[in-house]
Amino acid sequence: MSKLITVLNGPNLNLLGQREPHIYGHDTLNDVAARCNKEAKALGVSLAFKQSNHEGQLVDWIHEARTDSVGIIINPAALTHTSIALLDALSTFEGPVIEVHLSNVHKRESFRAHSYVSLRADGIIVGCGVQGYELAVQRVARMLEAT
Ligand code: DQA
């Protein structure tokens, strides 16, 4: 069985494609999942692609990833800027963690410049749109090769 990478998406990302498309683009989250799965297949890894609007659910999925996944890719959305709980959960995970943001958070409101999750992330990809997710899959796969 191929190695599993958990891909987590936080609040409001279920509305991708409808939500502020001038910032987040026209692709839906299903489109993002399809592109990530294509990339994963090419690299010989599998993905568990998930979205929740609830912090506790994301914490639970990070805990599950501790036993079933070799890496985590996470776009925590607004929880990026507020959630010590997500930081603490990610800090219990031993494999690579890549943080992704579709938009360039550093070009926007100043409150988006701070990320709690970045204190744990091994890599951060911002402002590359949906391609950022594909790059994150590539990065985790490369990091796993090195281990
Ligand atoms: C986001 C950036 C966050 O600031 C925002 O709250 C989001 C999406 C991004 O992908 O650009 O919901 O994480």
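Our structure's up above, just so we're on the same page.
A few points on the structure. (Residues numbered from 1 in each chain as written. Predicted model: local features only at pLDDT ≥ 70, side-chain atom pairs only at ≥ 80, totals over all residues. Heavy atoms only, no water.)

### A look at the side chain of S69
- Assignment of secondary structure puts S69 in the loop between α3 (55-68) and β3 (71-75).
- Relative accessible area serves as the criterion here: at 9%, S69 is assigned to the buried category.
- In terms of polar contacts, S69 uses its side chain to reach the side chain of T6, at 2.7 Å.
- Apart from residues lying up to four places away in sequence, S69 is in contact with L4, I5, T6 and F93. (Helix = DSSP H or I, 4+ residues; strand = E, 2+ residues; numbered from the N terminus. Buried < 20%, exposed > 50% of the residue type's maximum accessible area, 1.4 Å probe, protein only. Polar contact = N/O pair within 3.5 Å; in protein donor to acceptor, adjacent residues only side chain to side chain. Contact = heavy atoms within 4.5 Å.)

### Quick look at the site of the ligand
- For the ligand, the full set of nearby residues is R19, Y24, N75, A77, A78, H81, H101, L102, S103, V105 and R112.
- Take H81: an N or O atom from its side chain is 2.7 Å from an oxygen atom of the ligand.
- R112 has a polar side-chain atom sitting 2.9 Å from an oxygen atom of the ligand.
- Burial of the ligand by the surrounding chains reaches 99%, relative to a free accessible area of 320 Å².
- Assessed atom by atom at 2 Å from the grid points, the ligand resides in the largest pocket.
- Of the residues assigned to the shell around the ligand, the class counts are five nonpolar, four polar and two charged. (Near = heavy atom within 4 Å. Areas by Shrake-Rupley, 256 points an atom, 1.4 Å probe, with all protein chains shown as cover. 1 Å grid on protein atoms, 1.4 Å probe; cavity = no way out; pocket = protein on both sides within 12 Å on 5 of 7 lines; lining within 4 Å. Sits in = over half its atoms within 2 Å of the grid points. Nonpolar A, V, L, I, M, F, W, Y, C, P; charged D, E, K, R; others polar.)

### Some details on the packing of helix α2 (residues 29-43) against helix α5 (residues 131-145)
- Contact geometry of α2 with α5 gives a least axis separation of 9 Å together with a crossing angle of 25 degrees. Looking at the two axes, α2 sits roughly parallel to α5. For α2 against α5, the interelement crossing comes out right-handed. Between α2 and α5, the residues in contact are V32, R35, C36, E39, A40 and L43 and Q131, Y133, E134, V137, Q138 and A141, respectively.
- Considered class by class, the residues forming the contact of α2 with α5 number seven nonpolar, two polar and three charged. (Axes fitted to C-alpha atoms, helices over the stretch in contact; angles between N-to-C directions. Parallel < 35°, antiparallel > 145°, perpendicular 65-115°, else oblique. Left-handed = near helix turned anticlockwise from the far one by under 90°.)

### Topic: α5
- With 15 residues, α5 extends 21 Å from end C-alpha to end C-alpha; this agrees with the ideal 21 Å at 1.5 Å per step.
- By the burial criterion, the buried members of α5 are G132, Y133, E134, A136, V137, V140, A141 and L144.
- Elements in contact with the buried residues of α5: β1 (3-9), α2, β2 (45-51), β3, β4 (97-101) and β5 (123-126). (Expected span 1.5 Å × (residues − 1).)

Honestly, that's just the spatial picture; any functional story needs more than this.
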